[in-house]
Protein chains: 2
Amino acid sequence: MRLLLLSNSTAPGRRYLEHAADALTDLLTGVRRVLFVPFALADHGGYTAHVAAALEPYGVEVLGAHQDDPIKLFNSAQAVFVGGGNTFRLLRELYARELLAPIRDRVTHGTVYIGSSAGTNVACPSIRTTNDMPIVQPTTFEATGLVPFQINPHYLDPVDGDTHMGETREERIEEFLEENDVPVLGMREGTWLRREDATLTLGGDAAGARLFRRGAKPEEISSGTDLSALLETMGRYR
Amino acid sequence: MRLLLLSNSTAPGRRYLEHAADALTDLLTGVRRVLFVPFALADHGGYTAHVAAALEPYGVEVLGAHQDDPIKLFNSAQAVFVGGGNTFRLLRELYARELLAPIRDRVTHGTVYIGSSAGTNVACPSIRTTNDMPIVQPTTFEATGLVPFQINPHYLDPVDGDTHMGETREERIEEFLEENDVPVLGMREGTWLRREDATLTLGGDAAGARLFRRGAKPEEISSGTDLSALLETMGRYR
């Protein structure tokens, strides 16, 4: 299984996906066609065109999953890219278009998976650690489970002196752990995960990630760390 | 119908509920017992004790909805207070304990309703405009509908120069409006709504609120504004 799970698609002052160019070059070697899943945003055509332009330097053709029967499109693609936006909207559409199980099946059998933000959330067993507003109700929060633990993309550290009374990200994840016994990797912007079958590595920005487990102190994870042990996770969701 | 819907329970540097003391004094006149609903947090007993201490100066007795059959407790209470925490956990418990319909019924027939944060979210037709992480999956996102429009508590303005790439609150609400045709009142911290039957008023902090409607520019609402027209909302959820 070959996965690239990005915390975010765009770094400040850089072009879409530019910060992850090296990882993308590596992963897209040998890929001629990418099936792009634009359903996290409302404008499927505009989103697909944007991604096609961004991936053009990699010499790949991009097909939008809204353009034809996605299963037919899948047959000619060597990679699937699930873009960011609203995770609830994305998951609802994946179920409504009966696309969730085929993605899991193809990726398990070798199709490259690239996800960013919401696309990274749906690579987890459930979307229970998304930051997004629940603007629509998917059938279930269960997602593809391409990794067996939870990811919180766009992870944000608490800000000293902030007077806002809403929960910090860390407090939200601790609430998740009160209800579920599953590790959560808080991935700061600029970082990504690479999975190559049984090997999992954190890459990208030096800011790294923060790993939360029930009953344990959160742990700082630096870029380059081998996280393959997380692939052994046997999580328990309430 | 008598409602007090608070954006948040605690203002910086002040005690729990202190910023809303005048509104609470007014609303709790004639109330001897308050049924407190602690299910948005994990520690029901601790949360209820905290609220009982905070409401003690108002001369009311506080019963926790976890302490006995809540319907029995309802019979001796003149007010219900639904506390903040995680909205998904709260709503799941309201359904699991068969408490949602009784709350709607009692409040429609005169029992005072006080909500803060998650307790304000569940006073809306759905929890689709909560800020919370979906740590558990309730049966449905539909809530009590004590008001016919949506509220976003802890409303936050975009921060100039912020380099974080996650969506701003305004962008999240615009995504909600792409999918649903229902007004959303973004209530800044320190503000509240008072409903007295057909009258609805924004109260509290001068920061006020921001009203979002599909296809319209967001509108600033200052404290003291009569918002009764919002009670005529005929929303359409996707």
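In this text, all values refer to a predicted model and were calculated from it rather than measured experimentally.

A. Examining the overall build of chain A more closely. The helix and strand inventory of chain A stands at seven helices and 11 strands. For 238 residues, the compact-globule estimate of 2.2 N^0.38 gives 18 Å, and chain A sits close to it at 17 Å. Counting over 238 residues, chain A shows a buried share of 58%. Per element, the accessible surface of chain A, about 9300 Å² overall, is 48% carbon and sulfur. Of the side chains in chain A, 23 bear a positive and 32 a negative charge, and the two mean positions are spaced by 4 Å.

B. Structural detail: the relation of the copies chain A and chain B. In the superposition of chain A on chain B (RMSD 0.0 Å, axial shift 0.0 Å), the rotation amounts to 180°. These values place the two chain copies in the arrangement generated by a two-fold rotation axis. Residue by residue, 100% of the interface of chain A is reproduced at the interface of chain B, so both copies engage with the same surface.

C. View of the environment of Ala23 of chain B. Residues and elements named next belong to chain B. One can find Ala23 in helix H1 (residues 21–27). Residue classification places Ala23 among the buried positions, given a relative accessible area of 8%. Spatially, the C-alpha atoms of Ala23 and Glu232 are 24 Å apart, while their sequence positions differ by 209 residues. Here Ala23 is in contact with Leu4, Trp192 and Arg194, once residues within four sequence places are set aside.

D. Summary view of the interface of chain A and chain B. Taken residue by residue, the interface counts 44 residues in chain A and 44 residues in chain B. Buried area between chain A and chain B, summed over both chains or domains, comes out near 3500 Å², and the portion from carbon and sulfur atoms is 55%. Here chain A is connected to chain B by 10 salt bridges. With a shortest N-O distance of 3.2 Å, Glu179 of chain B and Arg92 of chain A are connected by a salt bridge. Viewed at the interface, chain B and chain A are joined by 24 residue pairs in polar contact (both at pLDDT 80 or more). Looking at the side of chain A that touches chain B, the element that brings in the most residues is helix H7 (residues 169–179) of chain A, giving seven residues.

E. Quick look at the sheet that holds strand S1 (residues 2–6) of chain B. All names here are of chain B. An order of S3-S2-S4-S5-S1-S8-S9 is seen for the seven strands of this open sheet, with the pairing classed as mixed. A single partner strand is all that each edge strand has here, and the edge strands are strand S3 (61–64) and strand S9 (199–204). Averaged over all pairs of adjacent strands, the angle between strand axes in this sheet comes to 20°, irrespective of strand direction. Sheet topology note: the strand S4 (residues 79–82)/strand S5 (residues 112–116) ladder contains four bridges and is parallel. Of the residues in S5, the one forming a bridge with Phe81 is Ile114. Its contacts with the sheet place helix H2 (residues 44–55) against strand S2 (33–37), S3 and S4, and it is angled at close to 165° to S3.

F. Quick peek at helix H4 (residues 87–96) of chain A. Of all 10 residues making up H4 of chain A, eight are buried, and the element is well covered by its neighbours. Along H4 of chain A, the positions that sit buried rather than exposed are Thr87, Phe88, Arg89, Leu90, Leu91, Arg92, Glu93 and Leu94 of chain A. Looking at the packing, one finds that the buried side of H4 of chain A touches strand S2 (33–37), strand S4 (79–82), helix H5 (100–108) and helix H6 (118–121) of chain A together with helix H7 (169–179) of chain B. N-capping of H4 of chain A is provided by Asn86 of chain A, with a side-chain oxygen placed 2.9 Å from the backbone N of Phe88 of chain A. Glu98 of chain A lies just past H4 of chain A and shows a positive phi near 50°.

G. Seen up close, the sheet that holds S2 of chain A. Residues and elements named next belong to chain A. Here seven strands make up an open sheet; going across it, the order is S3-S2-S4-S5-S1-S8-S9 and the pairing mixed. Whereas interior strands pair on both sides, the edge strands pair on one side only; in this sheet they are strand S3 (61–64) and strand S9 (199–204). Across the sheet, the axes of successive neighbouring strands diverge by a mean angle of 20°, strand direction being ignored.

H. Representation of the side chain of Glu175 of chain B. Mapped onto the elements, Glu175 of chain B comes out in helix H7. No salt bridge is formed by the buried Glu175 of chain B. Its closest oppositely charged neighbour is Arg89 of chain A, at 4.1 Å. Sequence-distant contacts of Glu175 of chain B, defined by excluding residues within four places in its chain, comprise Leu41, Gly85, Asn86, Arg89 and Ile135 of chain A together with Glu167 of chain B.

I. Seen up close, the environment of Ala11 of chain A. Residues and elements named next belong to chain A. Here Ala11 is to be found in the loop between strand S1 (2–6) and helix H1 (21–27). With a relative accessible area of 13%, Ala11 lands in the buried category. When the C-alpha atoms of Ala11 and Thr144 are compared, they prove to be 26 Å apart, with 133 residues separating the residues in sequence.

J. A look at the packing of aromatic side chains. Residues and elements named next belong to chain B. The tally for this structure, following the rule as stated, stands at 13 aromatic pairs over all chains. Measuring from ring centre to ring centre gives 5.7 Å for Tyr155 and Phe212, while their planes differ by 55°; the resulting arrangement is tilted. With a gap of 57 residues between them, Tyr155 in strand S6 (residues 150–155) and Phe212 in strand S10 (residues 209–212) connect regions that are remote in the sequence. Grouping residues by exposure puts Tyr155 and Phe212 together as buried.

K. The arrangement of the pattern of salt bridges in detail. What the rule picks out here adds up to 39 salt bridges over all chains. As a salt-bridge pair, Arg236 of chain B and Asp181 of chain B come within 3.1 Å of each other at their nearest N and O atoms. Linking Arg236 of chain B in the segment after strand S11 (219–221) with Asp181 of chain B in the loop between H7 and strand S7 (184–188), this pair joins segments that are 55 residues apart in sequence. One salt-bridge network, held together by shared partners, links Arg89, Arg92, Glu93 and Arg97 of chain A together with Glu178, Glu179 and Arg238 of chain B.

L. Local environment of H7 of chain A. Residues Arg169, Arg172, Ile173, Glu175, Phe176, Leu177 and Glu179 of chain A constitute the buried set of H7 of chain A. Looking at the buried side of H7 of chain A, the elements it contacts are strand S6 (150–155), strand S7 (184–188) and strand S10 (209–212) of chain A together with helix H4 (87–96) of chain B.

Scoring rules and cut-offs
- Residues numbered from 1 in each chain as written.
- Chains lettered and ligands numbered in written order.
- Predicted model: local features only at pLDDT ≥ 70, side-chain atom pairs only at ≥ 80, totals over all residues.
- Heavy atoms only, no water.
- Helix = DSSP H or I, 4+ residues; strand = E, 2+ residues; numbered from the N terminus.
- Rg over C-alpha atoms; globule rule 2.2 N^0.38 Å.
- Buried < 20%, exposed > 50% of the residue type's maximum accessible area, 1.4 Å probe, protein only.
- Areas by Shrake-Rupley, 256 points an atom, 1.4 Å probe, with all protein chains shown as cover.
- Lys, Arg positive; Asp, Glu negative; His and termini not counted.
- Charge placed at Lys NZ, Arg CZ, Asp CG, Glu CD.
- Least-squares fit on C-alpha atoms with pLDDT ≥ 70 in both.
- Contact = heavy atoms within 4.5 Å.
- Buried area = accessible area lost by both parts, 1.4 Å probe.
- Salt bridge = Lys/Arg side-chain N within 4 Å of Asp/Glu carboxyl O.
- Polar contact = N/O pair within 3.5 Å; in protein donor to acceptor, adjacent residues only side chain to side chain.
- Pairing = 2+ DSSP bridges.
- Axes fitted to C-alpha atoms, helices over the stretch in contact; angles between N-to-C directions.
- Phe/Tyr/Trp six-rings, centres within 6.5 Å; stacked < 30°, edge-to-face > 60°.

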